[in-house]
Amino acid sequence: ARKLKDADTYFYRGYGIAPPVFQGRVPETAAGGQDRVQVAFVMPFVEFQLVKVATLLTEHWARFPPCRPDTPRQSADLVFFTENPLGPGIQRRIRSYYAGLGAERTGCFRTDEPIFLSMTAEVNPELSHLEGAAFTFYSLFRLLEKRYQTFALVEPDVAPIQPNFLPALVKKSRSVNCDSDGFWQFGSLPLTKDVDAGMLRERVDYHMNGNAIYVLGCAEFEEYKCRVQSFYIPKDECELVAGCSTHEAYEGGYDHALYRFRMHPDNYEYARLILHKFGYSDFVQNRGECVYDPAVVVRESPSTYFVHSKSIYQNEAATILKEVTVSVLKREPCNRDSSTEKALEKIYHNLRSGEYTKADAVRALCDASKYTIFGPRPSTRLCEMYADAASALEAQDWNARMPGKTYLWTMDFHGGPANCDMSMIAKAGGTLHAEIDGICGFYGLCKERLKVIKADHWKEFDPTEKQKKDFEIAYRDDPEFKRVDAFICHHPVANCELFLPFNRSIIIHATTRLEFGRHDEGIDWRLSSGYDRDVGKVKWQKWVRTVQNLAKDKRNVIAANNVYDRDYIKYFTGIEDVELLPSWCGDNVGTTFCEDGWESSIAPGWLPTKPEVMIVPYRSNLDRSRYKTGVRDPANHPIIKELDSVPEKISNGTDVKMIRDLYSDSNPLRMLKHPAIIILPYQVSTMNLVELYRLNVPTFCPSLSLLKRWCREHDLMWEVYYGWPENLMGVKDIPNPNGHALMDKYSKEWEEMFDHWIPKSDFYQFPHITYFDSWEHFHKQYKIMASNGELDAINHKMTQTNAALKEELIDKWKSVLQRVKRH
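Here's what I pulled together on the structure shown here. If you're wondering where the values come from, they're calculated on a predicted model, not measured in any experiment.

## Describing the overall build of the protein chain
Next up, step 1: Along its length, the protein chain carries 29 helices and 21 strands.
Next up, step 2: Relative to the compact-globule value of 28 Å for 823 residues, the protein chain shows a C-alpha radius of gyration of 31 Å, a close match.
Next up, step 3: With the C-alpha coordinates of the protein chain rotated into their principal frame, the extents come out at 100 × 75 × 50 Å.
Next up, step 4: The buried share of the protein chain, reckoned over its 823 residues, is 58%.
Next up, step 5: Accessible surface for the protein chain amounts to roughly 34,700 Å². Of this, 51% is attributable to carbon and sulfur atoms.
Next up, step 6: Between the averaged position of the 103 positive side-chain charges in the protein chain and that of its 112 negative side-chain charges there is a distance of 2 Å.

## Some details on the state of the cysteines
Next up, step 1: This model, assessed by the stated rule, comprises eight disulfides.
Next up, step 2: A sulfur-sulfur separation of 1.9 Å characterises the disulfide bridge that pairs Cys67 with Cys108. The sign of the -80° torsion about the S-S bond sets the Cys67-Cys108 disulfide as left-handed. Linking Cys67 in the loop between helix 1 (50-63) and strand 2 (76-82) with Cys108 in the loop between helix 3 (103-106) and strand 3 (115-118), this pair joins segments that are 41 residues apart in sequence.
Next up, step 3: We classify Cys108 as buried; its relative accessible area is 0%.
Next up, step 4: Here Cys334 connects covalently by a disulfide to Cys594, the sulfurs 1.9 Å from one another. An S-S torsion of about -85° defines the bridge between Cys334 and Cys594 as left-handed. Here the residue Cys334 occupies a position in the loop between helix 11 (316-329) and helix 12 (338-353), and Cys594 occupies one in the loop between strand 16 (579-580) and strand 17 (613-616), the gap between them amounting to 260 residues.

## A look at the sheet that holds strand 18 (residues 656-658)
Next up, step 1: Strand order in the open sheet made by the five strands is 18-17-19-20-21, with parallel pairing throughout. The open sheet has two edge strands with one neighbour each: strand 18 and strand 21 (770-772). Strand-to-strand twist across the sheet, computed as the mean angle between neighbouring axes with direction ignored, equals 30°.
Next up, step 2: Sheet topology note: the strand 17/strand 18 ladder contains three bridges and is parallel. Each bridged residue has a counterpart across the sheet, and for Val613 the counterpart in strand 18 is Val656.
Next up, step 3: The sheet contacts of helix 25 (residues 704-714) involve strand 20 (699-702) and strand 21, and relative to strand 20 the element is tilted by about 55°.

## Regarding the side chain of Asn164
Next up, step 1: Within the secondary structure, Asn164 is located in the loop between strand 5 (158-160) and helix 5 (165-173).
Next up, step 2: Residue Asn164 is classed as buried on the basis of its relative accessible area, which comes to 13%.
Next up, step 3: One polar contact links the side chain of Asn164 to the main-chain amide nitrogen of Arg68, over a distance of 3.3 Å.
Next up, step 4: Reaching out from Asn164, the side chain makes a polar contact with the side chain of Thr71 at a distance of 2.8 Å.
Next up, step 5: Ignoring any residue separated from it by four or fewer positions in sequence, one finds Asn164 in contact with Pro65, Pro66, Cys67, Arg68, Thr71 and Tyr305.

## Quick look at the pairing of strand 13 (residues 486-489)
Next up, step 1: Neither face of strand 13 is open: one carries Ala486 and Ile488, the other Phe487 and Cys489, and all of them are buried.
Next up, step 2: As paired elements, strand 11 (residues 406-410) and strand 13 share two bridges and run parallel to each other. Directly across from Leu408, in strand 13, lies its bridge partner Ala486.

## Brief notes about the sheet that holds strand 14 (residues 505-510)
Next up, step 1: In space, the six strands of this open sheet follow the order 12-11-13-14-15-16, with parallel pairing throughout. Either end of the sheet is taken by a strand with one partner, and the two such strands are strand 12 (430-434) and strand 16.
Next up, step 2: Across four bridges, the pairing between strand 14 and strand 15 (residues 557-560) is parallel. In the sheet register, His509 faces strand 15, and the bridge partner there is Ala559.
Next up, step 3: Helix-sheet contacts for helix 19 (residues 533-552) involve strand 14 and strand 15, and the interaxial angle to strand 14 is about 120°.
Next up, step 4: Each of strand 14, strand 15 and strand 16 touches helix 20 (residues 563-573); the most contacted strand, strand 15, lies at about 135° to it.

## Things to note about the packing of aromatic side chains
Next up, step 1: On inspection of all chains with the given rule, the structure shows 69 aromatic pairs.
Next up, step 2: On the numbers, 5.9 Å between centres and 20° between planes, the contact of Trp398 with Tyr407 is stacked.
Next up, step 3: The class for Tyr407 is buried, based on a relative accessible area of 0%.
Next up, step 4: Over the ring of Tyr270 we find Arg227, and its NZ or CZ is 3.7 Å from the ring centre.
Next up, step 5: Taking the ring centre of Tyr475 as reference, the NZ or CZ of Lys451 above it sits at 4.9 Å.

## Remarks on the environment of His276
Next up, step 1: Its place among the elements puts His276 in the loop between helix 9 (268-271) and strand 8 (278-280).
Next up, step 2: Separated by 83 residues in sequence, His276 and Lys193 place their C-alpha atoms 27 Å apart.
Next up, step 3: Once you skip the residues sitting within four places of it in the chain, His276 turns out to touch Ser180 and Phe183.

## Focus: the nonpolar core
Next up, step 1: Trp409, Phe471, Phe499 and Trp775 are the most contacted members of the largest nonpolar core, which totals 104 residues.
Next up, step 2: The contact partners of Trp775, leaving out residues within four places of it in the chain, are Ile615, Ile639, Glu642, Leu643, Val646, Ile678 and Trp710.
Next up, step 3: In terms of nonpolar packing, the next biggest core, distinct from the first, is built from 88 residues, Val51, Val158, Cys244 and Val284 among them.

## Re a nonpolar patch on the surface
Next up, step 1: On the surface, a nonpolar cluster with roughly 310 Å² of combined accessible area is contributed by Val204, Tyr206 and Tyr280.
Next up, step 2: Topologically, Val204 is positioned in the loop between helix 6 (200-203) and strand 7 (213-215).
Next up, step 3: A residue is classified by how much of its surface remains accessible, and Val204, at 45% relative accessible area, is partly exposed.

## A closer look at helix 26 (residues 748-757)
Next up, step 1: Turning to helix 26, its buried residues number three or more, namely Trp750, Met753, Phe754 and Trp757. The buried residues of helix 26 occupy an angular sector of 95° when the element is viewed end-on, so they sit on one face.
Next up, step 2: Tucked into the core, helix 26 has its buried residues touching helix 20 and helix 25.

## Details of the pattern of salt bridges
When the charged atoms of two side chains with opposite charge come close together, those side chains can pair.
Next up, step 1: Tallied over the full model, the rule gives 54 salt bridges.
Next up, step 2: A salt bridge links Arg95 to Glu113, with the shortest nitrogen-to-oxygen separation between them at 3.2 Å. A residue pair is termed long-range when its members are at least 10 positions apart, and Arg95 in helix 2 (residues 88-99) and Glu113 in the loop between helix 3 and strand 3 qualify at 18 residues.
Next up, step 3: Glu113 gets classed as partly exposed once you look at its relative accessible area, which sits at 44%.
Next up, step 4: With its nearest N and O atoms 2.9 Å apart, the salt bridge here joins Asp567 to Arg566.

## A few points about the environment of Leu130
Next up, step 1: By secondary structure assignment, the location of Leu130 is in helix 4 (residues 129-144).
Next up, step 2: Its relative accessible area of 24% is what places Leu130 among the partly exposed residues.
Next up, step 3: C-alpha of Leu130 to C-alpha of Cys244: the two residues are 114 residues apart in sequence and 6.5 Å apart in space.
Next up, step 4: When neighbours within four sequence positions are excluded, Leu130 is seen to be in contact with Glu237, Cys238, Cys244, Gly252 and Gly253.

Cut-off values and rules
- Numbering of residues begins from 1 in every chain and follows the order in which that chain's sequence is written.
- The model is predicted, so local features are restricted to residues of pLDDT at least 70 and side-chain atom pairs to those at 80 or more, both for listing and for counting; the totals for chains, interfaces and linings are taken over all residues.
- For side-chain calculations, the full set of non-hydrogen atoms in the structure is used, while hydrogens and water are omitted.
- Here a helix means four or more residues in a row that DSSP labels H or I, a strand means two or more in a row labelled E, and each is numbered from the N terminus.
- Radius of gyration: C-alpha atoms only; globule rule: 2.2 Å multiplied by the number of residues to the exponent 0.38.
- Only protein chains enter the accessibility calculation, which uses a 1.4 Å probe; a residue whose area is less than 20% of its type maximum is buried, one above 50% is exposed, and one in between is partly exposed.
- To measure how exposed things are, a 1.4 Å probe is used in the Shrake-Rupley method; for residues, cover is taken only from the protein chains shown.
- Just so you know, the count uses Lys and Arg for positive and Asp and Glu for negative, and it drops His and the chain ends.
- Lysine's charge is taken at NZ, arginine's at CZ, aspartate's at CG and glutamate's at CD.
- Criterion for a disulfide: a pair of cysteine sulfur atoms at a distance within 2.5 Å.
- The pairing criterion is simple: DSSP has to find at least two bridges between the two strands.
- The convention used is that axes are lines fitted to C-alpha atoms, helices contributing only their stretch in contact, and that angles between N-to-C directions extend from 0 to 180 degrees.
- We call two residues contacting when some pair of their heavy atoms lies within 4.5 Å.
- In the analysis that follows, any N or O atom pair within 3.5 Å is treated as a polar contact, provided that within protein one partner can donate a hydrogen and the other can accept it, and provided that, for residues neighboring in sequence, both atoms belong to side chains.
- Geometry of aromatic contacts follows a simple scheme: Phe, Tyr and Trp rings, the Trp one being its six-membered ring, pair when their centres are within 6.5 Å, and the pair is stacked under 30 degrees between planes, edge-to-face over 60, tilted otherwise.
- Here, a charge over a ring means that NZ of Lys or CZ of Arg falls within 6 Å of the ring centre while also lying within 35 degrees of the ring normal.
- For this analysis, a nonpolar core means a set of buried residues of the types Ala, Val, Leu, Ile, Met, Phe, Trp, Tyr and Cys, connected via side-chain atoms within 4.5 Å.
- Patch members must show over 30% relative accessible area and no salt bridge, and they are joined within 9 Å when carrying like charges or within 5 Å when they are nonpolar side chains of Val, Leu, Ile, Met, Phe, Trp or Tyr.
- What counts as a salt bridge is simple: a side-chain nitrogen of Lys or Arg found within 4 Å of a carboxyl oxygen of Asp or Glu.
- The arc in question is formed by the directions pointing from the helix axis toward the C-beta atoms.

These figures come from the coordinates and say nothing about function on their own.
Take a look at the structure:
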């Protein structure tokens with residue numbers, strides 16, 4: 001390419017030399033360019049964003065489809081772009097999401113099928129996020145210009161807010177062309193509500209977001225992009241790609257480089273000639289990370305069809321925390337400053353539970369920053385604006401907190417059940433505060449202000465009468481307890497006895513056996529923590545009477561998260577109105593604050609990149625018996641030996657592993673990298689299995705007949721039976737779910753018990769699970785399903801099932817909250 005005239009040269013900022021500047025490349029278009037399609041609707045993404053693409057199509061496009069049934073074909077194609085070619089499995093899944101919209105919603109695109117486009121050469125895997133986005137942007141012009149006159153760059157976090165958006169896009173794109181009065185780019189400036197976020201006001205930032213409409217085949221625009229890339233040379237966070245950052249704070253991204261170039265004084269003479277080529281438009285609004293209501297946006301701006309906001313995939317608590325942190329501290333939440341991050345984590349969890357509003361978060365952050373160990377200094381203006389008379393949030397009257405919300409309070413000894421309920425309760429209009437002393441750290445729900453009761457190596461799982469009385473005295477005049485609408489208990493539910501004196505609604509939400517913590521001699525660690533059989537028998541009788549009395553008052557709720565425990569409660573109490581209230585466990589699964597994915601509102605998608613089929617859960621009990629640990633290495637268990645003995649000609653190289661063989665913990669997110677999981681059950685329902693099911697990973701499970709054999713031969717599910725509590729209701733027509741301690745597993749009595757109760761297990765109740773009668777049967781089924789795309793179909797069905805359940809659960813919790821609300 002030839003050098004530009006000397007008058008067109010300019011200085012590299014800070015270098016003081018005039019570098020060689022080259023004319024942009026000559027576009028390659030069809031003859032005259034008149035036969036090109038008007039616009040390509042380009043959605044760029046990387047494979048790990050597949051779940052966002054799925055959510056965008058199945059939720060946002062389904063709500064606001066591109067076409068009406070009577071919309072004619074448009075000169076527009078839908079193009080999915082990835083740097084490297086997608087495998088056939090992922091393409092098949094995207095096609096299924098798109099096809100699920102129906103022809104009446106998508107029939108106005110030029111073609112019935114979407115187009116998949118990628119780079120013609122392998123892309124450098126070392127590119128950072130900023131570099132990858134810039135590389136994609138600059139490459140798209142060359143890839144598209146032969147077939148299209150314009151393209152709309154629409155990332156997965158750009159959602160439609162009006163139906164029939166495709167004809168509107170085609171019409172808008174006709175103003176984008178290379179004519180003298182045409183635009184090179186149509187897009188949005190920053191419209192985030194908080195003008196202090198990212199120092200927008202201070203930097204006078206009017207950059208046009210990269211999600212915009214661009215002209216193709218225009219030599220003048222190619223020259224402009226060349227000038228930008230020459231001006232912003234590769235360095236710092238963009239050392240591999242030019243024009244991908246201005247190298248200034250808050251200005252990483254090719255869109256910032258495109259804007260700042262024409263605003264820079266060094267480029268004034270050239271920029272004044274082309275500024276009119278960039279058109280600000282409200283066709284798409286760039287709202288950063290702000291939460292928005294599509295109806296409100298359309299009412300205020302009828303010509304807006306799209307909104308760009310990360311909030312559609314970000315949980316509301318993370319969105320608010322980011323806004324607050326940037327506004328108050330001029331930094332992002334996750335900077336690895338331990339004292340600051342600890343305070344922010346507490347604020348985040350209070351936002352997530354619904355205990356804090358944005359104003360509460362600002363006050364709490366300003367209050368935390370008073371301490372010398374706190375790192376950054378806050379904005380004085382904002383802190384003064386939000387401060388109340390006493391300044392500290394803790395000084396606020398409890399009666400004034402969480403207005404209009406139903407306030408629930410729990411004191412479990414395991415954080416899993418509360419964590420699984422929290423998002424549903426918040427979406428239903430409630431707030432759940434958890435004081436967990438026990439397994440809590442992973443969930444960020446460890447106790448803050450719990451009085452009297454503590455885990456003490458599980459000794460207080462069953463508090464004494466004195467501890468119960470001390471608890472009552474400690475909280476009798478507690479202002480927080482006066483604000484509480486209802487107490488909820490999961491693990492163990494029997495600890496709801498602590499809340500009886502406070503005259504509040506009680507929610508029993510059982511996640512395991514009713515006798516847990518009272519009459520459970522089948523649990524080894526309970527025997528070593530002070531359990532007495534005779535005392536346990538009396539406590540059991542008292543606890544059953546308590547549950548029966550609670551059920552008589554409609555302000556209380558008796559429920560279980562699984563069918564087995566629902567019917568178990570009915571059996572032992574005679575209460576017929578026991579609700580089935582499944583645990584959700586589909587939000588914030590497997591993530592901790594400021595780790596990957598902590599801010600996401602959607603679970604990562606199933607994207608198998610590893611070959612192994614994994615046996616779950618992490619805990620298997622194959623290494624122990626009921627009262628003895630370390631019996632064997634799980635790999636030496638007869639069930640695993642059966643698996644290992646499958647001939648190679650049948651297994652066909654399928655590698656089945658236990659989680660411990662590859663991973664050091666039970667984080668369910670790891671299973672998303674594997675093609676399938678196999679449940680080897682030790683319990684009828686566990687939080688971990690529910691979490692895995694919500695991730696939509698194709699799942700296999702032993703059939704009832706196979707599980708029966710394994711239970712007979714190896715006592716595989718001994719942990720189902722926490723003890724052998726008395727059948728106080730005298731039920732005769734239903735087998736006792738626990739039998740008795742020395743029950744013969746080959747007796748008719750045991751078989752009747754198994755056949756009646758074990759089918760109520762989660763893994764036999766959840767749909768779309770594939771069952772096998774032997775390990776050889778598993779391998780034969782898996783080989784067929786993996787080769788014919790059936791695993792993809794199962795993933796899609798599970799996704800639909802879980803999405804429907806989520807909406808159902810929100811409605812169920814709304815009903816529960818209305819029932820227990822005091823005011």
